[in-house]
Amino acid sequence: MPPRSKITREMIIDAAYEIVRESGEGSLNARSIADRLGCSTQPVLYVFRTMDEIRECVYQKADEYHSEYLMQTGENTSIWKNYIRFSVRERNLFRFLFQSNAFSGRIQGLIDDERLLPVLEAMSAQMGMEVKDVKKFFAAIYYPVHGIASLLANNSMEYDEEEFETILSMIRRGVLKEMEGSENA
C-alpha cells in the first residue's frame, strides 16, 4: 500500500480559502474541504475541532490578502479605489470579510487596530497629513466608500471606473474641505 498523504493545517486553510473565494462562505463545510483535498472529512475535523476555527483562519488569510491588495497603490490608484475594485473582483471575499459577523464593532475599533497602521501610514505619506488627521479622514470617507463597494459586491451593478473615480474625488474633496473648515473654527 502506498503511504497516505498527510493533510496539513495549511492545506486545509488554503482549500477552505479557495472555496470561499470561488463560491462564498455558504459553500464552506467539512465535506467541501475534504472534496477539494481528495480525502475524507476525518483529517479535516482531526486538525480543526470546529468549522468556526477554520473560518477564523480563512478570515485571517482573506484579511491579509485584502490588506496587500489595498496597498498596491500607484500613480493612478488609491487605497479607496482598490477597496472598491476588491469588492468587484473578489465579491465573495469582500462579503466574507465585511458582511459577516466577523466584522463587528465600531469603526473606531477598525481605525485603532494596529493592523491598519500600515494603511494609515501609507495614506499619511500620500496625503502629506499626520496619522491622527488621516484617522479622521479615514473615518469620514470609509462609510460612503464601503457603501459603494457593498452595492457593487451584492448587486449586478455595472462597475464604471470613471464614474466611481468622480464620486471618490467628490467625497475626498468634501471631507478635506470639512476638515480644513473645522481646523479654522
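Residues numbered from 1 in each chain as written. Predicted model: local features only at pLDDT ≥ 70, side-chain atom pairs only at ≥ 80, totals over all residues. Heavy atoms only, no water.

Caption draft 1: Region of the structure containing the overall build of the protein. Helix and strand counts for the protein come out as ten helices and zero strands. Secondary structure of the protein in N-to-C order comes out as α-α-α-α-α-α-α-α-α-α. Here the C-alpha coordinates of the protein stretch approximately 75 × 35 × 30 Å along the principal axes. Per-residue burial for the protein yields a buried fraction of 41% across its 185 residues. Restricting the contact set of the protein to residue pairs at least 6 apart, pairs at least 24 apart contribute 61%. Accessible area for the protein stands at about 11200 Å²; split by element, carbon and sulfur atoms hold 49% of it. Across the protein, 22 positive and 29 negative side-chain charges occur, with their mean positions spaced 4 Å apart. (Helix = DSSP H or I, 4+ residues; strand = E, 2+ residues; numbered from the N terminus. Buried < 20%, exposed > 50% of the residue type's maximum accessible area, 1.4 Å probe, protein only. Contact = heavy atoms within 4.5 Å. Areas by Shrake-Rupley, 256 points an atom, 1.4 Å probe, with all protein chains shown as cover. Lys, Arg positive; Asp, Glu negative; His and termini not counted. Charge placed at Lys NZ, Arg CZ, Asp CG, Glu CD.)

Caption draft 2: Highlighting the packing of aromatic side chains. Counting across every chain of the model gives twelve aromatic pairs. Between the aromatic rings of Tyr65 and Phe86, the centroid separation amounts to 5.9 Å while the plane-to-plane angle is 50 degrees, which identifies the pairing as tilted. Linking Tyr65 in helix α4 (residues 51-70) with Phe86 in helix α5 (residues 79-89), this pair joins segments that are 21 residues apart in sequence. By relative accessible area, which is 23% here, Tyr65 ends up partly exposed. A relative accessible area of 0% means that Phe86 is categorised as buried. Summarising the aromatic geometry, the rings of Trp80 and Phe138 are spaced 5.1 Å apart at their centres and angled 40 degrees between planes, so their arrangement reads as tilted. In this pair, Trp80 is assigned in helix α5 and Phe138 in helix α9 (residues 131-154), connecting sequence segments 58 residues apart. For the pair Trp80 and Phe138, a shared accessibility class is recorded, and that class is buried. These aromatic residues form a ring-pair network of at least three members: Trp80, Tyr83, Phe94, Phe98, Phe138, Tyr142 and Tyr143. (Phe/Tyr/Trp six-rings, centres within 6.5 Å; stacked < 30°, edge-to-face > 60°.)

Caption draft 3: Summary view of the confidence of the model for the protein. Looking at the protein, pLDDT values average 88 and 91% of them are 70 or higher. Per-residue pLDDT, averaged within each element of the protein, yields its smallest value for helix α7 (residues 107-112) (71) and its largest for helix α1 (residues 9-23) (98). (pLDDT = per-residue confidence, 0-100.)

Caption draft 4: Summary view of the packing of α5 against helix α6 (residues 91-98). Where α5 contacts α6, the two axes come as close as 5 Å, and the packing angle between them is 115 degrees. Of the possible angle classes, the one that applies to α5 and α6 is roughly perpendicular. Contact residues: Tyr83, Phe86, Ser87, Val88 and Arg89 in α5; Arg91, Leu93, Phe94, Leu97 and Phe98 in α6. Counted by class, the contact of α5 with α6 contains seven nonpolar, one polar and two charged residues. (Axes fitted to C-alpha atoms, helices over the stretch in contact; angles between N-to-C directions. Parallel < 35°, antiparallel > 145°, perpendicular 65-115°, else oblique. Nonpolar A, V, L, I, M, F, W, Y, C, P; charged D, E, K, R; others polar.)

Caption draft 5: Up close: α1. Here α1 contains 15 residues, and its C-alpha end-to-end distance of 21 Å stays within 8% of the 21 Å for a straight helix at 1.5 Å per residue. For α1, the complete set of buried residues consists of Ile12, Ile13, Ala15, Ala16, Tyr17, Ile19 and Val20. In this structure, the buried residues of α1 make contact with α2 (30-37), α3 (41-47), α4 and α6. Positive backbone phi, at 95 degrees, marks Gly24, one or two positions downstream of α1. (Expected span 1.5 Å × (residues − 1).)

Caption draft 6: Looking closely at the environment of Asp113. For Asp113, the location among the structural elements is in the loop between α7 and α8 (117-127). Separated by 15 residues in sequence, Asp113 and Gly128 have C-alpha atoms that sit 21 Å apart.

Caption draft 7: Main features of the nonpolar core. Counting 56 residues, the largest nonpolar core has Ile33, Ile54, Trp80, Tyr83, Met123, Phe137 and Phe138 as its most contacted members. Elements represented by at least two residues in this core include exactly α1, α2, α4, α5, α6, α8, α9 and α10 (161-184). Residue contributions to this core peak at ten residues, all from α9. Non-local contacts of Ile33, meaning those with residues more than four positions away in its chain, are made with Ile12, Ala15, Ala16, Ile19, Leu28, Val44, Met51 and Ile54. (Core = buried A, V, L, I, M, F, W, Y, C linked by side-chain atoms within 4.5 Å.)

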